[in-house]
Amino acid sequence: MHHSIQEPPELYTMKTATLFLICFVPLGLFAQDNELSQKLDALKTHISKVESDKKTFSQQLSYEANHPYRLELITEETDSKGRTRSTKAVFNLGLVDKNLVRRENARDLMWVNAKTGKTPAIKIYEDGVLGNYTDALLIYSSNVDQAREIEDLLKQAIPLAENAWKASMSLPSEQQELENWLSANIIDTDAGDISFKQSLMPDQSNSGQLWLNQEEHTEKGLKKSQRFGLNPADLHEPSIQINIRRKQISIDADVRQKQPFISLEENGELKNFVKSISLYANDLEQAQSIVQALKLLVPQARGATENALPQPGSFSEGQEMLSQAVQHFTVNDNAFEQSLGEQPVAVYQRQHNHAKGSLHERFIFDLLTSMRNPSTS
């Protein structure tokens with residue numbers, strides 16, 4: 001069907017949206033790649049120089065031989081005064097919505113508009129400078145027959161690209177291997193005017209605990225340095241998702257029931273605990289893999305944490321474990337000394353020492369009453 005609009009659109013339209021995880025299903029990778037390459041080679045023959053009354057568009061499409069779903073379209077736009085603007089679109093064809101590929105035209109210009117739906121999944125470079133992600137790819141054509149060929153070949157290639165992309169994914173399945181994979185793949189990112197140096201490391205002395213170190217840099221230098229301490233068992237799997245804001249891709253995750261269980265140090269000082277965490281990625285494929293790895297890790301970490309909890313054989317043994325777990329600690333310049341007695345009527349004492357003095361508190365409560373199962377009372 002032929003679609004007409006009044007004015008030619010801007011080359012790309014920016015949007016902000018959320019990209020949710022796509023599950024990966026292994027397929028015959030070689031056969032998929034071979035068929036996809038044939039479709040893309042045919043598509044390339046129909047993408048050429050296009051001239052209108054006021055502008056000329058020189059276009060070149062290429063793809064990675066080993067990952068043919070990764071495409072690059074370079075468009076050189078020259079106006080009647082000889083001024084040229086170069087736009088490079090880098091994208092995963094598997095993220096384009098087959099149902100949103102259509103022919104459009106205005107005046108003497110015709111093009112095929114291929115969209116990624118609500119997801120701005122196409123990375124744009126304007127004259128070599130990274131721009132915002134966009135949701136639309138424009139391929140210009142000289143006539144309706146050429147536009148129809150481009151439209152048909154894109155619609156045939158998109159499902160092949162999606163299958164080849166899914167089949168190329170490979171993640172470990174065990175908790176320790178997943179933690180190691182995340183440590184290796186959560187790396188520094190660069191979004192033009194903002195960059196992040198980041199690393200994820202398991203706590204060698206506390207099984208299940210992970211430390212995320214992040215430095216945010218702008219054109220003026222280091223903006224802030226943060227260190228997060230978390231147990232992935234606390235994360236809520238449905239909340240783990242990708243967000244794209246202008247040039248930046250983040251993987252965001254909330255703690256279950258929005259509880260502040262993630263410790264935060266900022267510029268070396270311990271801050272309040274937080275309810276969510278963000279990781280950063282250089283492209284959508286990397287982000288998708290991180291999301292998938294986290295969603296595999298969380299239930300395993302939760303099971304391991306629950307299995308590691310002490311199981312006292314008696315009330316007195318439980319009292320002893322609880323008493324030993326209540327220890328002194330320090331937060332920045334504040335020192336807390338605390339103890340819990342091991343009697344049924346327990347005495348909990350806490351002393352808070354700080355720069356202006358100290359505060360001593362004493363609490364008395366009945367452990368048997370407070371720990372009794374309501375169903376047996």
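Residues numbered from 1 in each chain as written. Predicted model: local features only at pLDDT ≥ 70, side-chain atom pairs only at ≥ 80, totals over all residues. Heavy atoms only, no water.

Draft legend 1. Inspection of the sheet that holds strand E10 (residues 129-130) at higher detail. Strand order in the open sheet formed by six strands is E3-E4-E5-E6-E9-E10, with antiparallel pairing between adjacent strands. In the strand order of this sheet, the two ends are held by strand E3 (50-51) and E10, each with one partner. Here strand E4 (residues 55-63) pairs with strand E5 (residues 70-79) via nine bridges, running antiparallel. By the bridge assignment for E5, Ser58 is matched with Glu76. (Pairing = 2+ DSSP bridges. Helix = DSSP H or I, 4+ residues; strand = E, 2+ residues; numbered from the N terminus.)

Draft legend 2. View of helix H5 (residues 315-325). Looking only at H5, the buried set comprises Gly318, Gln319 and Ser323. Down the axis of H5, the smallest arc covering the buried residues is 135°, so these residues share one side. Those residues of H5 that are exposed and aimed more than 90 degrees away from the buried face are Gln324 and Ala325. (Buried < 20%, exposed > 50% of the residue type's maximum accessible area, 1.4 Å probe, protein only. Arc of directions from axis to C-beta.)

Draft legend 3. Representation of empty space enclosed by the protein within the structure. Taken as a whole and judged by the stated rule, the model has one cavity of 30 Å³ or more. The computed volume of the largest cavity comes to approximately 110 Å³. Forming the walls of the largest cavity are 13 residues, and the residues nearest its centre are Leu200, Leu230, Leu235, Leu279 and Leu294. Mapped by element, the contributors of at least two residues to the lining of the largest cavity are strand E17 (248-254), strand E20 (276-281) and helix H4 (284-308). (1 Å grid on protein atoms, 1.4 Å probe; cavity = no way out; pocket = protein on both sides within 12 Å on 5 of 7 lines; lining within 4 Å. Points joined across faces, edges and corners; volume = space filled by probe spheres on them.)

Draft legend 4. The nonpolar core, seen in detail. Counting residues in each nonpolar core, the largest one holds 64 residues, and the members touching the most others are Phe91, Leu93, Leu154, Leu182 and Ile251. Sorting elements by how many residues they give to this core places helix H2 (residues 144-168) first, with 10 residues. Contact partners of Leu154, with chain neighbours within four places excluded, come to Leu43, Leu93, Val101, Val112, Ala114 and Ile139. Grouped together as the second largest cluster of nonpolar side chains are seven residues, Leu109, Trp111, Leu138 and Tyr140 included. (Core = buried A, V, L, I, M, F, W, Y, C linked by side-chain atoms within 4.5 Å. Contact = heavy atoms within 4.5 Å.)

Draft legend 5. Inspection of the pairing of strand E22 (residues 334-340) at higher detail. As paired elements, strand E21 (residues 329-331) and E22 share three bridges and run antiparallel to each other. Bridge pairing links Phe329 to Phe336 in E22. As consecutive antiparallel partners, E21 and E22 are separated by two residues, and within that stretch Asn332 has a phi angle of approximately 55°, a positive value. Inspection of the sheet shows E22 paired to strand E23 (residues 345-354) by six bridges, in the antiparallel sense. Bridge pairing links Ala335 to Asn353 in E23.

Draft legend 6. Quick peek at the packing of helix H3 (residues 175-185) against H4. Viewed as axis vectors pointing N to C, H3 and H4 meet at an angle of 145°, and their least axial separation amounts to 9 Å. As for the relative orientation of H3 and H4, their crossing is left-handed in sense. Contact residues: H3 offers Gln175, Leu178, Glu179, Trp181, Leu182 and Asn185, while H4 offers Gln286, Ser289, Ile290, Ala293, Leu294, Leu296, Leu297, Gln300, Ala301 and Ala304. The residue makeup of the contact of H3 with H4, split by class, is 10 nonpolar, five polar and one charged. (Axes fitted to C-alpha atoms, helices over the stretch in contact; angles between N-to-C directions. Left-handed = near helix turned anticlockwise from the far one by under 90°. Nonpolar A, V, L, I, M, F, W, Y, C, P; charged D, E, K, R; others polar.)

Draft legend 7. Representation of the sheet that holds E22. What the four strands build is an open sheet, ordered E21-E22-E23-E24; its pairing is antiparallel. Lying at the two open borders of the sheet, with one neighbouring strand each, are E21 and strand E24 (357-366). Mean inter-strand twist for the sheet, computed between neighbouring axes without regard to direction, equals 20°.

Draft legend 8. Structural detail: the packing of aromatic side chains. With the rule as written, the count across this model stands at three aromatic pairs. Where Phe57 meets Tyr140, the ring centres are 4.0 Å apart and the plane angle is 15°; that geometry is what we call stacked. With Phe57 in strand E4 and Tyr140 in strand E11 (residues 136-141), this pair connects stretches of sequence that are 83 residues apart. This pair shows no difference in class: Phe57 is buried, exactly as Tyr140 is. Taken together, a centroid distance of 3.8 Å and an interplanar angle of 10° make the contact between Phe196 and Tyr280 stacked. Here Phe196, found in strand E13 (residues 194-202), pairs with Tyr280, found in strand E20; they are 84 residues apart in sequence, far enough to count as distant. (Phe/Tyr/Trp six-rings, centres within 6.5 Å; stacked < 30°, edge-to-face > 60°.)

Draft legend 9. Representation of unusual backbone geometry in the model. Of note, the phi angle at Arg107 is positive, near 55°, even though the residue is not glycine. By relative accessible area, which is 62% here, Arg107 ends up exposed.

Draft legend 10. Broad picture of the confidence of the model for the protein. Per-residue confidence for the protein averages 86 on the pLDDT scale, and 88% of its residues sit at or above 70. Scored below 50 in pLDDT, residues 1-28 makes 81 contacts in the model with residues more than four places away or belonging to other chains. Across residues 372-377, where pLDDT falls below 50, the model places one contact with residues more than four positions away in sequence or in other chains. (pLDDT = per-residue confidence, 0-100.)

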